[in-house]
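Residue-level structure breakdown
As a plain string of letters, each chain reads:
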Amino acid sequence: MASKKKILVTGGVGFIGSHTIVELVEAGYEPIILDNLSNSKIGVLKSLEKITKRAVKFYENDCNDISALRNIFRIEKNIVGVIHFAANKAVGESVVDPLKYYHNNIGSLVSILSVLQEYSITNLVFSSSCTVYGQPETLPVSESSPILKAQSPYGNSKQICEEIITDVFNSGKAIKAISLRYFNPIGAHESALIGELPLGVPNNLIPFVTQTAAGIREELTVFGNDYNTADGTCVRDYIHVVDLAKAHVKALDKLFAVKDEHYHDVVNVGTGKGESVLSVIHTFETITGQKINYKIGPRRAGDIQEIYADVSKSLEVLGWSAEKTMGDAILDAWNWQKNLKNLNLV
Ligand code: UD1
């Protein structure tokens, strides 16, 4: 039997990373996690073990620590690809502390790319974001839409990272890379053993909704209802995290199928459907039977009005499209919220 392909997954204990570990194991890859636990909990490893029924190798290191990175490649010997999730992602924090974002998000990618070159490994899947589009002029937004000036250092770090990969590609060096531009990841694994773990008060909509329903937060504020959308609230493309995780497996499969040692592409990962904040809240209430205590507040600085993905390229290039519904994602997120107290993730 051919041995399994070893894939280094940076940030593999985090929200999208942990779900991707499950799908990689399922697909016959051997993931190895590198995570500094700066925004994740070590107990997630136990949950991963329960779901996958095997231990997943874990290194507690920072991606910016190039000697630690080299060490992992030396010890593991035959790593054949990297999925690079590890990054800071809080938009507001990035405005207050931009250097943290440039140092961590850009520095870690440069370290990874350097070590990949040293070890003559070409395959890289990079976590990018639909934030690179800003507020697009036409919807749905496709990969060929212009990249507008980033609204935050976080967004800028994603744009710069994509450019760095492009520059390495343009240098003629051997590299095979796919940057996945995620829309809004939500939901949790259906086992309710892994999910989103915001530290402190959540910034993102769904964790705020589930925490409000669970009584942890008193009230949800809808950030503005005077946008030029059907119900006045912002519209996003919410993608179930398990579907998103599967897109990473498809991206790896694609990289291994491409014979040319010089390949780079960017692909949207979304559902193609736009949902307003109010429709998310009402779907939550319908599906779970829980009322959400919410009020309409002012707009949040930096929010864009409306974005959703043109998903034709993900189907064409990766053979991937979203399978789960908003209802699935909401139910899974709610079950995860309810199960959290039973898990010791510290
Ligand atoms: C943001 C980032 C995105 C990043 C993602 C994950 C931008 C433009 N987007 O997405 O790049 O990948 O976070 O961290 O920088 N909302 C409320 N009340 C709340 C929370 C949110 O009304 O308490 C609304 C927001 O105004 C928005 C929608 O819900 O319209 C989704 O917000 P959120 O979950 O924070 O994601 P984004 O801002 O779209």
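Above: the structure in question.
All of the points below concern the structure found in this document.

About the thresholds
Residues numbered from 1 in each chain as written. Predicted model: local features only at pLDDT ≥ 70, side-chain atom pairs only at ≥ 80, totals over all residues. Heavy atoms only, no water. 1 Å grid on protein atoms, 1.4 Å probe; cavity = no way out; pocket = protein on both sides within 12 Å on 5 of 7 lines; lining within 4 Å. Points joined across faces, edges and corners; volume = space filled by probe spheres on them. Helix = DSSP H or I, 4+ residues; strand = E, 2+ residues; numbered from the N terminus. Nonpolar A, V, L, I, M, F, W, Y, C, P; charged D, E, K, R; others polar. Phe/Tyr/Trp six-rings, centres within 6.5 Å; stacked < 30°, edge-to-face > 60°. Buried < 20%, exposed > 50% of the residue type's maximum accessible area, 1.4 Å probe, protein only. Lys NZ or Arg CZ within 6 Å of the ring centre and 35° of its normal.

Some words on the layout of surface pockets
Approximately 220 Å³ is the volume found for the second largest pocket. Residue lining of the second largest pocket: 15 residues in total, with Glu196, Pro198, Gln211, Gln337 and Leu340 positioned closest to the centre. Looking at the lining of the second largest pocket, the elements with two or more residues in it are helix H7 (205-213) and helix H11 (326-339). In terms of residue class, the lining of the second largest pocket is built from eight nonpolar, five polar and two charged.

Considerations on empty space enclosed by the protein
Using the criterion set out here, one finds two cavities of 30 Å³ or more in the structure. Considering only enclosed or pocket space, the largest cavity measures out at about 40 Å³ in volume. Lining the largest cavity, in full, are Leu113, Leu116, Gln117, Ile121, Thr122, Val168, Ala174 and Ile175. The element that contributes the greatest number of residues to the lining of the largest cavity is helix H5 (residues 98-118), accounting for three residues. In terms of residue class, the lining of the largest cavity is made up of six nonpolar, two polar and no charged. Volume-wise, the second largest cavity comes out at about 30 Å³. Forming the walls of the second largest cavity are His84, Phe85, Ala86, Ala87, Asn105, Ser108, Phe126, Lys158 and Cys161. The residue inventory of the lining of the second largest cavity, partitioned by class, reads five nonpolar, three polar and one charged.

As for the packing of aromatic side chains
Counted by the stated rule, this structure contains three aromatic pairs. Ring plane angle 35° and centroid distance 5.6 Å describe the contact between Phe73 and Tyr119, whose orientation is recorded as tilted. Here Phe73, found in helix H3 (residues 66-76), pairs with Tyr119, found in the loop between H5 and strand S5 (123-129); they are 46 residues apart in sequence, far enough to count as distant. For Phe73, a relative accessible area of 3% puts it in the buried group. Taking relative accessible area as the criterion, Tyr119 reaches 27% and is therefore assigned partly exposed. Taking 5.6 Å as the distance between ring centres and 80° as the angle between the ring planes, the aromatic pair formed by Phe284 and Trp334 counts as edge-to-face. Here Phe284, found in helix H9 (residues 277-288), pairs with Trp334, found in helix H11; they are 50 residues apart in sequence, far enough to count as distant. By the burial criterion, Phe284 is buried, and Trp334 matches it. Above the face of the Phe256 ring, Lys5 is positioned so that its terminal group lies 4.8 Å from the ring centre.

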